[in-house]
Amino acid sequence: MPQFQRVKVSLLGRYMLTDRREFPCQVLEMSPGDAVVVAPVPGSSGERVIAYIDHLGRIEGDITEVIDGGFKMHIGATSRKRDKMAAQLTWLANKDVLNLPEDRRHERVVPDNRHSTAVLDDGRRYNCKIIDISLSGAAIELAVRPAMGTPVTLGRMRARVVRHFADGVAVEFVSAQEMLTVVQQNLRVN
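This one's a predicted model, so the numbers in the text were calculated from it and none came from an experiment.

Let us look at the overall build of the chain. Each helix and strand counted, the chain has two helices and 12 strands in total. The helix and strand sequence of the chain, counted from the amino end, reads β-β-β-β-β-β-α-β-β-β-β-β-β-α. When each of the 190 residues of the chain is scored for burial, the buried share is 40%. Residue pairs in contact within the chain that sit at least 24 positions apart in sequence constitute 49% of those at least 6 positions apart. Carbon and sulfur atoms form 51% of the exposed surface of the chain, whose accessible area is close to 10800 Å².

Here's what the structure looks like:
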C-alpha cells in the first residue's frame with residue numbers, strides 16, 4: 001500500500017457508520033489513501049465507514065484510529081479513483097493559494113440512469129454511458145472521439161464536444177438547463 005501525502009483541506013460532508021446512523025462531518029486533512037475527519041460520533045477502530053464529501057463524492061474505508069473529536073480513516077479506492085482524488089485534492093489545496101476560480105460553473109452529479117445515446121450530425125448513433133452531468137454539460141464514456149466543437153445530441157439534449165479524455169468526451173449543452181431533473185429526463189432515450 002503506497003503512502004500518500006496528506007493536504008490540509010476544509011471539506012464538509014456526511015458519513016454513515018455500520019449501524020447506518022448518519023452524521024455531518026468535516027475533513028481537515030486528506031490524501032488519496034486516508035483522511036482526518038472531525039465527527040460528532042467517532043465510531044470504533046476497524047469499523048467500516050461510508051462518507052459523501054463535498055467536491056469529492058463518495059469515499060469509503062475503515063476507521064484506523066479514534067482521535068479527539070473524530071477519527072482517521074483508511075480510504076479504499078481503485079487506482080483510477082485515487083488518481084482522480086489526487087488531482088482534485090491538489091486543486092483544492094492550491095485554489096486558495098493561487099486564487100483560482102471555481103473549476104465548474106455547476107455542480108456535477110451522477111444521473112439515475114447512466115445509459116444514453118449520442119447521435120452525431122451525420123446520423124451515426126453510439127450507445128454511451130454518462131459519467132456525470134450538470135446544468136451545462138456532461139461527461140460521457142464514448143467509443144469514438146468526435147472533433148472538438150462537433151455538434152452531438154445526447155438523448156434529446158443538443159450539445160457540442162468541448163473536451164477529450166481517456167474514456168470519452170465532455171460535452172456542453174447548447175443551452176444551460178434550470179433543473180437537473182430536466183437534464184436527467186432529457187438524457188433518457190425513449
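This is not the end of the story, as more comes after the structure.
A separate point is the side chain of Arg82. The topology assignment puts Arg82 in helix 1 (residues 79-95). Asp83 provides the closest opposite charge to the buried, salt-bridge-free Arg82, at an N-O distance of 7.8 Å. At 3.1 Å, the side chain of Arg82 and the backbone oxygen of Ile75 are in polar contact.

Once that is clear, we can look at the sheet that holds strand 4 (residues 48-53). Ordered in space as 1-2-3-6-5-4, the six strands form a closed barrel in which the pairing is antiparallel. Pairwise comparison of adjacent strand axes, ignoring direction, gives a mean angle of 45 degrees for this sheet. Strand direction decides the pairing type here: strand 3 (residues 34-38) and strand 6 (residues 70-75), joined by five bridges, are antiparallel. Looking at strand 6, one finds that Asp34 is bridged to His74.

What follows covers the pairing of strand 8 (residues 125-133). Inspection of the sheet shows strand 7 (residues 115-120) paired to strand 8 by five bridges, in the antiparallel sense. Looking across to strand 8, one finds that His115 is bridged to Lys129. In textbook terms, the turn of a hairpin is the stretch between consecutive antiparallel strands, and for strand 7 and strand 8 this stretch comprises four residues, one of which, Gly123, has a positive phi near 95 degrees. Judged from the four bridges that link them, strand 8 and strand 9 (residues 137-141) form a sheet pairing that is antiparallel. Pairing of Ile130 across the sheet is with Ile140, part of strand 9. In this structure, the hairpin formed by strand 8 and strand 9 is closed by a connection of three residues.

What counts as what
- Residues numbered from 1 in each chain as written.
- Predicted model: local features only at pLDDT ≥ 70, side-chain atom pairs only at ≥ 80, totals over all residues.
- Heavy atoms only, no water.
- Helix = DSSP H or I, 4+ residues; strand = E, 2+ residues; numbered from the N terminus.
- Buried < 20%, exposed > 50% of the residue type's maximum accessible area, 1.4 Å probe, protein only.
- Contact = heavy atoms within 4.5 Å.
- Areas by Shrake-Rupley, 256 points an atom, 1.4 Å probe, with all protein chains shown as cover.
- Lys, Arg positive; Asp, Glu negative; His and termini not counted.
- Salt bridge = Lys/Arg side-chain N within 4 Å of Asp/Glu carboxyl O.
- Polar contact = N/O pair within 3.5 Å; in protein donor to acceptor, adjacent residues only side chain to side chain.
- Pairing = 2+ DSSP bridges.
- Axes fitted to C-alpha atoms, helices over the stretch in contact; angles between N-to-C directions.

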